[in-house]
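# Results of the structural survey
What follows is each chain in one-letter form.
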Amino acid sequence: MGDYGPEVRVSPAQVAGGISSLPADAQDEISVLVTGFGPFGTNLVNASFLIASSLPTSLTFPGATATASSPRRISIHVHPSPIPVAYSTVRTTVPAIIENFKEAHGGRRPDLIIHMGIASTRAYYSVETQAHRDSYLIADINGQSGYDDGERLWREQGRPFRLKPGPAAAFSSLSLSSSQRPVAVPEATGQPGAHAYMPDAHFLEQWKSFSPLEADIRISEDAGRFLCEFIFYTSLSQAWADGEDRNIIFFHVPRSCQDQDIKLGREITIGLIKTLVTCWIDEHK
């Protein structure tokens, strides 16, 4: 699984240009950051980026739980360029995108993060449940494996073998001192208070309720050990290391770039966003 194709250089200006400042009257909005991958192989355009780029910049969502007492305002921030399919680029670009978002939003991380990519062998849409640290052996567009830019560094930093969406731990096993003792990490300060958990049967049921009837949507336990799983682990482990809640999901879409498939993918993605708000935010208020 994953995305493979010509590397697109991402300049600091492009990273900065993708995030707009949060207006003073929108502090109670739920912010969603979305990324998509670039082209690969004979696919000159990647469906994940086409779908991401088609999303609206905002939604007003009435909510589906008794705890959602007023309509939810959701702002959607799509990174403006496709993420190149190279391990080294993913490792450096993802943290930069998050930091830039924080700088533009008063130190506040995105409330929800959705990374998107294509699964060439799947004709269905799937949300991944976990990402692994090791064994990224498939060569990227630069002919490199994910060892030097992933597994080796993550092992040295003591990052977990496997990570899933979930709450921040009370302590981080990454130490900032020479003694390597665990250090306390401040509680996350996301405005709406998302409570992430690994997508399950209830999550899938909610997602189906927000999606077109013809949509084939599933929960997956195998993100592919290529760039899709690599970006998922990169994002999850960065939040883990920072002591932040892991309000992060990876979303696999089929490879088709036909107009009707992009439109369907857009509606399914909007349904996924509503599901994340319902399951990870409103149900835990």
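Given the structure is predicted, the values throughout are model-derived calculations rather than measurements. Sequence positions are assigned chain by chain, starting from 1 and proceeding in written order. Residues qualify for local features only when their pLDDT is at least 70, as the model is predicted, and side-chain atom pairs are given and counted only at 80 or more; totals for whole chains, interfaces and linings, by contrast, use all residues. Neither water nor hydrogens contribute to the side-chain values; these are computed over all heavy atoms in the structure.

## Describing the side chain of T234
Note on placement: T234 falls in helix α6 (residues 227-241). The contact criterion used is simple: two residues touch if any of their non-hydrogen atoms lie within 4.5 Å. If near-sequence neighbours (up to four positions away) are discounted, T234 is found in contact with V90, R91, V94 and W154. Strands here are runs of E lasting at least two residues and helices are runs of H or I lasting at least four, both read from the DSSP assignment and numbered beginning at the N terminus.

## Brief notes about the packing of helix α3 (residues 87-104) against α6
The packing of two helices is summarised by the inter-axis angle and the distance between the axes. Interhelical geometry of α3 versus α6 gives an angle of 35° and a closest axis separation of 10 Å. Seen along the crossing, α3 lies across α6 with a hand that is right-handed. Across the interface between the two elements, Y87, V90, R91, V94 and P95 from α3 touch L227, F230, I231, T234, S235 and Q238 from α6. Any residue outside Ala, Val, Leu, Ile, Met, Phe, Trp, Tyr, Cys, Pro, Asp, Glu, Lys and Arg is labelled polar, Gly included; the first ten of those are nonpolar and the last four are charged. Residues belonging to the contact of α3 with α6 are distributed by class as follows: 7 nonpolar, 3 polar and 1 charged. Here the axes come from fitting lines to C-alpha atoms, over the contacting stretch only for helices, and the angles between their N-to-C directions go from 0 to 180 degrees. With the far helix as reference, a near helix turned anticlockwise by less than a right angle produces a left-handed crossing, and one turned clockwise produces a right-handed crossing.

## Some details on the pattern of salt bridges
Each salt bridge in this description consists of a side-chain nitrogen of Lys or Arg and a carboxyl oxygen of Asp or Glu lying within 4 Å of one another. Here the structure, examined in full by the defined rule, presents 13 salt bridges. The salt bridge involving E128 is made with R122; its shortest N-O contact spans 2.9 Å. Each of the salt bridges in this network shares a partner with another, and the network as a whole consists of R133, D134, E151 and R155.

## Section: the sheet that holds strand β2 (residues 58-61)
Strands sit in the order β2-β3-β1-β4-β11-β5-β10 across an open sheet of 7 strands; the sheet is mixed. Both edges of this open sheet fall to β2 and β10 (217-220), since each of them pairs with a single strand only. The sheet shows a mean angle of 25° between the axes of neighbouring strands, taken without regard to direction. With 6 bridges connecting them, strand β4 (residues 112-118) and strand β11 (residues 248-253) associate as parallel partners. The partner of M116 across the bridge, within β11, is F251. Here helix α5 (residues 201-209) sits on the sheet and contacts β5 (125-128), β10 and β11; the angle it forms with β10, its principal contact strand, is near 155°. DSSP calls a pair of strands paired once it identifies at least 2 bridges connecting them.

## Regarding the packing of helix α4 (residues 147-156) against α6
Following both chains from N to C, one finds α4 and α6 inclined at 35°, their axes separated by 11 Å at the closest point. As α4 packs across α6, the resulting crossing turns out to be left-handed. Residues D149, G150 and W154 of α4 form the contact with α6, whose participating residues are F230, Y233, T234 and S237. Of the residues in the contact of α4 with α6, the class split is 3 nonpolar, 3 polar and 1 charged.

## Notes on the packing of aromatic side chains
Only Phe, Tyr and Trp rings take part, Trp by its six-membered ring, and two of them pair if their centres are within 6.5 Å. Stacked means planes under 30 degrees apart, edge-to-face means over 60, and tilted covers everything else. What the rule picks out here adds up to 11 aromatic pairs. A centroid spacing of 6.4 Å and a plane angle of 65° characterise the contact between Y87 and Y136, whose relative ring orientation is edge-to-face. Placement of the pair is Y87 in helix α3 and Y136 in the loop between β6 (131-132) and α4, with a sequence separation of 49 residues. Judged by relative accessible area, Y87 falls into the buried class, the value being 0%. Note on classification: 1.4 Å probe, protein chains only; a residue is buried when its accessible area is under 20% of the maximum for its type, exposed when over 50%, partly exposed between these limits. Judged by relative accessible area, Y136 falls into the buried class, the value being 2%. Consider the rings of Y87 and F226, whose centres lie 6.2 Å apart with planes at 80°: the pair is edge-to-face. Separated by 139 residues along the polypeptide, Y87 in helix α3 and F226 in the loop between β10 and α6 bring together distant segments of the chain. Note on accessibility: Y87 and F226 belong to one class, buried.

## Comments concerning the environment of A123
For A123, the location among the structural elements is in the loop between β4 and β5. Considering only alpha carbons, one finds A123 and S256, 133 residues apart in sequence, at a separation of 8.8 Å.

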